[in-house]
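The lines below spell out each chain.
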Amino acid sequence: MKQKEFIATVLPYKDTLYRIAKRLLVSKDEAEDAVQEVFLKLWKGKNKMKDYRSSQAFAITMTKNYCLDRLKSKQAGNLKIVHTNFQNRDNLEKQVEANDGVSIVFKIMETLPEQQKIILQLRDVEQFEFSEIAQMLESNETAVRVNLSRARKTVREQLIKQYNYGVS
């Protein structure tokens, strides 16, 4: 595989890989480093990419595994999920309310098990199909659906608890 073919194959996934890395790691810098490392590993194994059915699924799996390894490493003892991308520009009240709601959802997502966090990100944010997620996570569709259902239920219950606090 030549450089132009590699770029044409892998570069379209850059934003998706970055969003997944940012979801799992603490900062933009960490996420950018993760994507760069994954691209380097993909380049080193560029001749093996033809062996995979979906190069995108392979790249996402590599990114997920790299990020989880970073989180488990001793260097990353202080890393946690952070997200600040959502903004509503209609007016200040709506923007503040939307940011509060989104930040509450992302704080709740921090408490989810890693598998549920990743599945929620891939399905609800990245809009992947269940079969694609199952392939990326080396799981089956039923397990993906169950984990997604549990994650959504937990988020929903925690949101209800949060918004009903002090209301009888």
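Data block above holds the structure.
In this numbering scheme, every chain counts its residues from 1 along its sequence in written order. pLDDT decides what is reported in this predicted model: residues at 70 or higher carry local features, side-chain atom pairs at 80 or more are listed and counted, and totals for whole chains, interfaces and linings draw on all residues regardless. With hydrogens and water stripped out, all remaining heavy atoms of the structure feed into the side-chain values.

Student: I would appreciate a short explanation of the overall build of the protein chain in the present structure.
Tutor: Helix and strand assignments follow DSSP, with helices taken as H or I runs no shorter than four residues and strands as E runs no shorter than two, numbered in order from the N terminus. Scanning the protein chain from terminus to terminus reveals eight helices and zero strands. Written out in order from the N terminus, the α and β elements of the protein chain read α-α-α-α-α-α-α-α. Counting only contacts in the protein chain whose residues sit at least 6 apart along the sequence, the fraction spanning at least 24 positions is 67%. Computed with a 1.4 Å probe, the accessible areas rest on the Shrake-Rupley method; for each residue, only the protein chains presented here act as cover. Accessible area for the protein chain stands at about 10900 Å²; split by element, carbon and sulfur atoms hold 48% of it. In this description, contact between two residues means that some pair of their heavy atoms is separated by no more than 4.5 Å.

Student: Which parts of the structure should I look at to understand the packing of helix α2 (residues 14-24) against helix α6 (residues 114-125)?
Tutor: The axes of two packed helices give the description: the angle between them and the distance between them. Where α2 meets α6, the axes come as close as 11 Å, and the angle between the chain directions of the two elements is 145°. Where α2 crosses over α6, the two elements pack in a sense that is right-handed. Here R19, I20, R23 and L24 of α2 come into contact with α6, specifically with E114, I118, Q121, L122 and V125. Amino acids are sorted into nonpolar (Ala, Val, Leu, Ile, Met, Phe, Trp, Tyr, Cys and Pro), charged (Asp, Glu, Lys and Arg) and polar (every other residue, Gly among them). For the contact of α2 with α6, the per-class residue count stands at five nonpolar, one polar and three charged. Convention adopted: a line fitted to C-alpha atoms gives each axis, helices being fitted over their contacting stretch, and angles between N-to-C directions are expressed from 0 to 180 degrees. Put simply, a crossing is left-handed when the front helix is turned counterclockwise from the back one by less than a right angle, and right-handed when it is turned clockwise.

Student: Please explain a negative patch on the surface as it appears in this structure.
Tutor: Where like charges cluster on the molecular surface, the negative patch consists of D29, E32, D33 and E37. Examined against the element boundaries, D29 turns out to sit in helix α3 (residues 28-44). Residues enter a patch when their relative accessible area is above 30% and they make no salt bridge; the linking distance is 9 Å between like charges and 5 Å between nonpolar side chains (Val, Leu, Ile, Met, Phe, Trp, Tyr). The term salt bridge refers to a side-chain nitrogen of Lys or Arg lying within 4 Å of a carboxyl oxygen of Asp or Glu. The charge count treats Lys and Arg as positive and Asp and Glu as negative. His and the chain ends do not count. Each charge is placed at NZ for Lys, CZ for Arg, CG for Asp and CD for Glu.

Student: How do you make sense of unusual backbone geometry when you look at a structure like this?
Tutor: In terms of backbone geometry, most residues other than glycine have negative phi values and most peptide bonds are trans. A positive phi angle is found at Q127, which is not glycine, with a value near 65°. Structurally, Q127 can be placed in the loop between α6 and α7 (130-136). For the exposure calls, accessible area comes from a 1.4 Å probe over protein chains only, and a residue counts as buried if that area is under 20% of its type's maximum, exposed if over 50%, partly exposed in between. Overall, the relative accessible area of 56% leaves Q127 in the exposed class. If you check the backbone angles, E138 has positive phi at about 50° while not being a glycine. Of note, E138 is situated in the loop between α7 and α8 (141-163).

Student: Any chance you could explain the nonpolar core here in plain terms?
Tutor: Across soluble globular proteins, nonpolar side chains have a tendency to be buried as a group. Definition of nonpolar core: a set of buried residues of the types Ala, Val, Leu, Ile, Met, Phe, Trp, Tyr and Cys, connected through side-chain atoms within 4.5 Å. Of all hydrophobic cores here, the largest spans 41 residues; its most connected members are L17, L42, I60, L120, L122 and I133. Elements with a contribution of two residues or more to this core: α1 (3-10), α2, α3, α4 (55-72), α5 (92-110), α6, α7 and α8. It is α4 that contributes the most residues to this core, seven residues altogether. In this structure, L42 is in contact with F6, V10, M49, F58, A59 and M62, ignoring residues within four places of it in sequence.

Student: Explain the pattern of salt bridges here, please?
Tutor: Side chains that differ in charge, positive against negative, can pair when their charged atoms come close. The final tally for this structure, using the stated rule, is seven salt bridges. E114 is the salt-bridge partner of K117, the closest N and O atoms lying 3.2 Å from each other. Of this pair, K117 and E114 both sit in helix α6, separated by three residues, roughly a single helical turn. In this structure E114 comes out as partly exposed when scored by relative accessible area, which is 34%. E157 is the salt-bridge partner of K153, the closest N and O atoms lying 4.0 Å from each other. Of this pair, K153 and E157 both sit in helix α8, four residues apart, roughly one helical turn. According to the relative accessible area criterion, K153 is partly exposed, its value standing at 45%. For E157, a relative accessible area of 43% gives the class partly exposed.

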